[in-house]
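If you want the building blocks of each chain, they are given just below.
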Amino acid sequence: MQNQSIMVTIRLVILFIFSITSSLGWTQSRAQTQPKNLKSMTVASYKVSSYSASSSLTQITSGDYLRRNNEQDQKLVTGRLNFSHGQSLIDQNDGTQQASQTVVAAVSTRVNSNWSVIAITSLSQDQKDTESLDDGFSDLVLRLAHSNQSLVDWLQGSASYTAVVPTSERSTRIQELQTSLQAGYTFTLTDIVLKKGFGLSLNINGGRNFHKFEEDINGNILNEYTFRETLSGSYSFKKVSLSADLILRHGINYQGGATQSFEHSQEVSYGFSKTWSASLGHTNSGAWFRPNGQDSNLRLINENDSIIYVSTSAVF
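This is a predicted model, so every value here is computed, not measured. (Residues numbered from 1 in each chain as written. Predicted model: local features only at pLDDT ≥ 70, side-chain atom pairs only at ≥ 80, totals over all residues. Heavy atoms only, no water.)

Visitor: Can you help me understand unusual backbone geometry in this one?
Guide: Most peptide bonds are trans, and most residues other than glycine sit at a negative phi. For Glu176, which is not a glycine, the phi torsion comes out positive at approximately 50 degrees. Looking at the element boundaries, Glu176 is found in the loop between α4 (169-174) and β8 (177-189). With phi around 55 degrees, Lys238 is a residue other than glycine that occupies positive phi space. For Lys238, the location among the structural elements is in the loop between β10 (223-237) and β11 (240-253). (Helix = DSSP H or I, 4+ residues; strand = E, 2+ residues; numbered from the N terminus.)

Visitor: Mind showing me how you'd approach the pattern of salt bridges here?
Guide: For side chains bearing opposite charge, pairing can occur when the charged atoms are close. Summed over all chains, the structure comprises three salt bridges. The salt bridge involving Arg208 is made with Glu224; its shortest N-O contact spans 2.9 Å. Residue Arg208 is located in strand β9 (residues 198-211), and its partner Glu224 is located in strand β10; the two are separated by 16 residues in the primary sequence. For Arg208, a relative accessible area of 1% puts it in the buried group. Residue Arg249 is joined to Glu263 by a salt bridge in which the shortest nitrogen-to-oxygen separation is 2.8 Å. Highlighted residues: Arg249 in strand β11 and Glu263 in strand β12 (residues 258-271), separated in sequence by 14 residues. According to the relative accessible area criterion, Arg249 is partly exposed, its value standing at 22%. Residue class for Glu263 comes out buried when judged on its relative accessible area of 2%. (Salt bridge = Lys/Arg side-chain N within 4 Å of Asp/Glu carboxyl O. Buried < 20%, exposed > 50% of the residue type's maximum accessible area, 1.4 Å probe, protein only.)

Visitor: Explanation requested: the side chain of His146 in the structure shown.
Guide: Structurally, His146 is set in strand β5 (residues 140-146). Setting aside chain neighbours within four positions, we find His146 in contact with Asn114, Trp115, Ser158 and Ala159. (Contact = heavy atoms within 4.5 Å.)

Visitor: Sorry if this is basic, but what is going on with the environment of Tyr185 here?
Guide: By secondary structure assignment, the location of Tyr185 is in strand β8. With a relative accessible area of 4%, Tyr185 lands in the buried category. Each C-alpha atom of the pair Tyr185 and Asn205 lies 6.6 Å from the other, and the pair is 20 residues apart in sequence.

See the structure below:
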């Protein structure tokens, strides 16, 4: 019976991802409804960094709420508030240095013993560009997550379903996003194969974006489908935790073109109490390939893109 339940959950994840592909006609070409001489708007380059809203949401969604302790699991409502400051690892003194502050709020409530609903949002401030599109509130993320269940004695799994409510300036004004629907499954190794204090998990996520038009307001083709694989490792000793994440992202746009990017981070955290912790970390992200389309762009440290950040979190 347990194996049947697991197979049904996995099939639901797969069906969720591919069933929404039948909703063709939701998006149309902007050229069909707007004049060709539409004035182009200048958009600042968008970088996915650990301290930015998008990455912070990823970290809280895939990490903290999937590693809840027994005391938190007994609560009907659990919240987490995170404040972070990040900036470029190296200041090139050419005006390209990045610096930003972000506050992330997440609230989780139990539906029953197996399912929880999580709501996540953030507020960011770019300290170098007052007109940045990433200032202000991020999109609102709503997630239905299942608790871990045993697949075999050495492996656990959990499914999740996500809907995005576009509220950020980038999503509403530039991309004209209507919603994004996603489904994911996380595999976690148990202590049968891992030594005490170690953790290792793999999250596979896929979904479809729904935009008003196939192009953004500047004529760039938007991604219709998105896929993400996240490999996370951690080690905890008393009050100190070390963690590392590698995220591979894939996108398929409305014309069938594919894009690939990566993001990785390393972090050390110290827990002052059960409800308060502080962290120091590094992250680097970018396109998977260099401009020649052949050589890998994946590097641990990049003097142009690496970000260091400090953060503190409170759980209530």
